[in-house]
Amino acid sequence: MTLKYTDISEFPQIIEELQSSFSNNLTKPLNYRKKQLEQLYNLLDENEHEFCEALYNDLHKHKTESLLGEINMIKQDCLDAIKHLDEWASPEYVEVGLAHKLNRCHVRKDPIGLVLIIGAWNYPVNLVLLPLVGAIAAGCTAIIKPSELAMNTANTIEALLPKYLDQKAYKCVNGGEKEMKELLKYKFDHIFFTGSSATGKKIMLAASNYLTPVTLELGGKSPVILDENINFSVAAKRLIWAKSFNSGQTCVAPDYILCSKKAQKALLQEIPKALKDQFGDDIQKSPDYARIINQRHFDRLAKLLEKTKGNIVIGGKIDRGDLFIEPTFVENVHKNDSLMEEEIFGPIFPIVTVDNIEEAIRFINEKECPLSLYPFSNNNNIIKYILDNTRSGGVTVNDCLIHASVPTLPFGGTGTSGMGAYHGRKSFDVFTHERSVLTSPFFSEKLLERRYAPYKESNYNILNWLMFSKPKFANKRNRGEWKIKNIFGVFCIIIVAYVIKKKFIK
Ligand code: NAD
């Protein structure tokens, strides 16, 4: 299988056409957006088999993983966007102070313009089409660029997209680094990127030429913290599932485990059973277990295993010809080990032992900010303590990955794991400019003319009173006079109430 890259000589025409469709308001009517979202749904629904086959050929991904982790998520987002679009896109009228009671103030939800969506190879359908749902819903035109490493999927998307979506508004381009460098010379109104931090930096640099806003969905080392009081049989099943889903090549995959020696022993006792239950006696023969994307990534992972100073306690089997790496647990891993240098992005699970939760928290905080965090504990106070003292893009407590599958939870990183969030309503927000509009009536002039020069203190005092609130705390200027005013106010209310009672209530 080969992937034909888009000729860079076609870029100017593609961009011009999409820019002109946007300026001619082609993509803005809500009915148009809904129709395109229906078409995107149909693209996935009617070609489920083609997509699953492409994903199998790229990653040996099982149909269940392709449907749950990619296709069905996008379809659900399409349905949610169609259902809620009228509400999301409607102007928002805002609360205003006294000075603006005569004005009408609202926020328009304007599409941001022409957007570029660049995806990674590990979820090659999801990472371009899920953000596209948001771009269509928001009323933008878009170019999507699937990863060239998942070439079967990239070919399938390029072949099918024009059959379903309006080509005047949404196009797919294919290419590698050379094509991307060229594409980034053009002006976009937003760049939505999923991939590595190294490429993310290049994207930001290129975007800075036009001050283009970016969303960066990056990776990082997502830790698991195991308390000693948990159900280790359930924890083992969940950890095996999360680390072997797409063979660990998931941005939110649990990267390493932090736990005490006692918890490590309890976990490792349960792992063989969990592995056997899910993948049988010979994992390589299991139809449910994915492969590493290519030899370069296989070699990278094999080298990590070769260089580690830890002990492989479970797994360790690798087969380069088959791009197969068995789920592998490594104990006695220290913070300077090869396995702790960068995101593993494969089915290798290092265990770092710590004496207590505080040490686990210190360990996490000494590293870069993870995309996800997975604390396991039966004690809510411990969970709260961990969350209060760490940072991460998202969290699943007592399980892994699944916060990323809830469309109403914003998905994204923080710090080095990314900027911006999407999924569901948030995807609409990413590609929407909140445009503030104030409409001033002419009849309010008598009040508003107080703002004109020559300035007068009396006018200022009225405007200040109308526009700005007073603090409800003492400082050197008011010396707590607000308290006196409050006491005076309460006193007046009591007097009025007393008079009313005396006069009118017999
Ligand atoms: P990558 O950065 O190598 O490639 C991502 C995309 O960028 C590809 O489409 C590629 O063609 C393009 N690209 C390459 N060079 C470019 C350049 N100079 N300018 C512009 N674009 C360029 O990443 P990858 O190997 O495909 O993905 C792996 C990484 O992605 C991991 O770190 C993983 O954690 C992260 N990831 C994050 C998420 C998330 O949602 N946060 C999801 C999946 C993967």
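Nothing here was measured: the structure is a model prediction, and the numbers come from that model.

Thresholds, definitions, all that
Residues numbered from 1 in each chain as written. Predicted model: local features only at pLDDT ≥ 70, side-chain atom pairs only at ≥ 80, totals over all residues. Heavy atoms only, no water. Helix = DSSP H or I, 4+ residues; strand = E, 2+ residues; numbered from the N terminus. Buried < 20%, exposed > 50% of the residue type's maximum accessible area, 1.4 Å probe, protein only. Contact = heavy atoms within 4.5 Å. Areas by Shrake-Rupley, 256 points an atom, 1.4 Å probe, with all protein chains shown as cover. Lys, Arg positive; Asp, Glu negative; His and termini not counted. Charge placed at Lys NZ, Arg CZ, Asp CG, Glu CD. Pairing = 2+ DSSP bridges. UniProt positions renumbered as here; feature names shortened; annotations may be inferred. Domains from an automatic or database assignment. Expected span 1.5 Å × (residues − 1). Phe/Tyr/Trp six-rings, centres within 6.5 Å; stacked < 30°, edge-to-face > 60°.

Draft legend 1. Local environment of the overall build of the protein. The secondary structure content of the protein amounts to 17 helices and 18 strands. Principal-axis analysis of the C-alpha atoms gives the protein an extent of 90 × 60 × 45 Å. Burial statistics for the protein: of 506 residues in total, 50% are counted as buried. Relative to all contacts within the protein whose residues are 6 or more apart in sequence, the contacts with residues 24 or more apart total 72%. Surface summary for the protein: the accessible area is close to 25,500 Å², and the carbon and sulfur share equals 55%. Placing the 64 positive and 59 negative side-chain charges of the protein at their respective mean positions leaves the two points 11 Å apart.

Draft legend 2. A look at the pairing of strand S4 (residues 141-145). With respect to burial, S4 is a largely interior element, five of its five residues being buried. The two faces of S4 match: Thr141, Ile143 and Lys145 on one face and Ala142 and Ile144 on the other face are all buried. By the bridge criterion, three bridges tie S4 to strand S5 (residues 170-172) in an arrangement that is parallel. Looking across to S5, one finds that Ile143 is bridged to Lys171.

Draft legend 3. Region of interest: the UniProt feature "domain: Aldehyde dehydrogenase" (unreviewed entry) in the protein. Within this numbering scheme, the UniProt entry marks residues 12-437 as carrying the feature "domain: Aldehyde dehydrogenase" (unreviewed entry). Annotation note: span residues 12-437, helix share 43%, strand share 18%, distance between end C-alpha atoms 34 Å.

Draft legend 4. A look at the domain arrangement of the protein. Domains assigned within the protein are domain 1 (8-90 + 111-217), domain 2 (222-412) and domain 3 (444-504). Computed from C-alpha coordinates alone, the two centres of domain 2 and domain 3 are separated by 60 Å.

Draft legend 5. Spotlight on the environment of Ala159. Its location among the elements puts Ala159 in helix H6 (residues 151-164). Along the chain, Ala159 and Cys172 lie 13 residues apart, while their C-alpha atoms are 9.1 Å from each other.

Draft legend 6. How the structure looks around helix H3 (residues 48-59). With twelve residues, H3 extends 16 Å from end C-alpha to end C-alpha; this agrees with the ideal 16 Å at 1.5 Å per step. Looking at the buried side of H3, the elements it contacts are helix H2 (30-46), helix H4 (63-89) and H6. Looking one or two places after H3, you find His60, whose phi comes out positive at around 60°.

Draft legend 7. Local environment of the packing of aromatic side chains. Per the stated rule, a full pass over the model turns up ten aromatic pairs. Aromatic side chains Trp121 and Phe345 sit 5.3 Å apart centroid to centroid with 75° between the ring planes, which places their arrangement in the edge-to-face category. Here Trp121 is found in the loop between strand S3 (114-118) and helix H5 (126-138), whereas its partner Phe345 is found in the loop between strand S13 (328-331) and strand S14 (348-353), with 224 residues between them in sequence. The exposure class assigned to Trp121 is buried, which follows from its relative accessible area of 9%. Residue classification places Phe345 among the buried residues on the basis of a relative accessible area of 16%. Between the aromatic rings of Phe192 and Phe431, the centroid separation amounts to 5.9 Å while the plane-to-plane angle is 35°, which identifies the pairing as tilted. One end of the pair, Phe192, is in strand S6 (residues 190-194); the other, Phe431, is in the loop between helix H14 (425-430) and strand S18 (432-439), with 239 residues separating them in the sequence. Taken individually, Phe192 and Phe431 each receive the classification buried, so the pair is uniform in this respect.

Draft legend 8. Broad picture of the UniProt feature "active site" (unreviewed entry) in the protein. According to UniProt, the "active site" (unreviewed entry) feature falls on Glu217 and Cys251. Considering the C-alpha atoms alone, the annotated residues occupy 35 residues of sequence yet fold into one spot, their largest mutual distance being 9.0 Å. Its location among the elements puts Glu217 in strand S7 (residues 214-217). What makes Glu217 buried here is its relative accessible area of 3%. The contacts of Glu217, once residues within four sequence positions are left out, are Phe192, Phe193, Thr194, Gly195, Phe411, Gly412, Gly413, Ser417, Gly420, Ala421 and Tyr422. With respect to the helices and strands, Cys251 occurs in the loop between helix H9 (232-244) and strand S9 (254-259). Setting aside residues up to four positions removed in sequence, Cys251 forms contacts with Asn122, Leu218, Gly220, Ser222, Glu343, Phe345, Leu371 and Phe411.

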